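Survey of secondary and tertiary structure
Each chain, letter by letter, is given below.
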Amino acid sequence: MRRADLGDADCGIAQALGVLADWWTFLIVREVAGGTTRFDALQRELGVSRRALTERLGGLVEHGVLVRRPYSTRPPRHDYLLTAKGEGLLPVLVALQDWGTRHVMGDGALTATAAADSAEARRVHRLVGRRVPELTLARHDGGTESPVVPGRWTVLYLFPGAFAPGAQGVPPGWGEIPGAVGCTLESRTYADRHEHFRAAGAEVRGVSTQRPDQLRAFAAHARLPYPLLSDQDGRLAAGLLLPTFRAGGVDRLKRLTMLVDPEAVVRMVQFPVTDPGGSVDEMLDEVRRRTADSTT
């Protein structure tokens, strides 16, 4: 269906669907957000015909959602990259992922965690071997940086929300959401073990969908010696299809931790995290084992 076929010219939903014509289009945007940017790789990941993929990529380029960037002239080959307009779709992907997990695959209950044998947990553990997409996130203390430290092992712990007393109110009903509580304990435990992680050859980064100013207030309150990064635009969440839930009008990351190697490849995942403090020591043991193996 073309945009001209949609009768309601004043409805944003109708007009958006004129661009995002079918489910293949959404899946293409999903794959590009995750770092799959070349035609053959997209076809392999999606299992779509070359003709259908060509048509949909062409449409997304025409509408300014994707842009072509040449990487070969003989033969001519292109990467397909998200534009600023395309990145505006990332919160939509995050919302679809959350809705499908909660209401289609789940029972509709609001939760910040998952069962160990759930489809969501299986999807998360398939991140092992996946490369973290190239992107930058805002730091709590100003500036931006990649969520993984170049040339170093990186422990990325993702948390729902951490709040400094008197700075921001906890979302209504926060304590009743399974898995939501424990961010302060987890963050402070990483702070206590920070030098041990560094001695073992790894850097620690915390990631939340909170705004940088909210993270700045919490980092100062908790006296964290490492950066907190804001994924408020959902770039990391959409790129890796990370599990989320919605509370207080904000899409929030469910608690999980990834160990990423110096080449930005995920090597180990903790999910679900049922013991926020104990999981830190488990990750430290894993870092020591991995870095020891890499030097022998």
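Residues numbered from 1 in each chain as written. Predicted model: local features only at pLDDT ≥ 70, side-chain atom pairs only at ≥ 80, totals over all residues. Heavy atoms only, no water.

**Focus: the overall build of the chain**
Check the secondary structure of the chain and you find twelve helices and eleven strands. Against the compact-globule benchmark of 19 Å for 296 residues, the chain has a radius of gyration of 20 Å, which places it among compact chains. Along the first, second and third principal axes, the C-alpha set of the chain runs to 60 × 50 × 40 Å. Within the chain, buried positions represent 51% of all 296 residues. (Helix = DSSP H or I, 4+ residues; strand = E, 2+ residues; numbered from the N terminus. Rg over C-alpha atoms; globule rule 2.2 N^0.38 Å. Buried < 20%, exposed > 50% of the residue type's maximum accessible area, 1.4 Å probe, protein only.)

**Quick word on the sheet that holds strand β6 (residues 202–208)**
Here we have seven strands laid out as an open sheet, ordered β4-β3-β7-β6-β5-β10-β11, and mixed in their pairing. Sheet topology places β4 (144–145) and β11 (266–270) at the edges, where each strand pairs with a single neighbour. Note that strand β10 (residues 256–260) and β11 share four bridges and pair antiparallel. Across the sheet, the residue bridging to L259 is M268, located in β11. (Pairing = 2+ DSSP bridges.)

**Considerations on the nonpolar core**
L66, L242 and M258 are the most contacted members of the largest nonpolar core, which has 49 residues in total. Among the elements that line this core, the one with the most residues is helix α2 (residues 23–33), at six residues. When residues no more than four places from it in sequence are discounted, the contact partners of M258 are L127, T154, V155, L156, L158, L240, V266, M268, V269 and M283. Among the nonpolar cores identified, the runner-up in size contains 25 residues, and V155, Y190, A191 and F197 belong to it. (Core = buried A, V, L, I, M, F, W, Y, C linked by side-chain atoms within 4.5 Å. Contact = heavy atoms within 4.5 Å.)

Any functional reading would require information beyond the geometric quantities listed.
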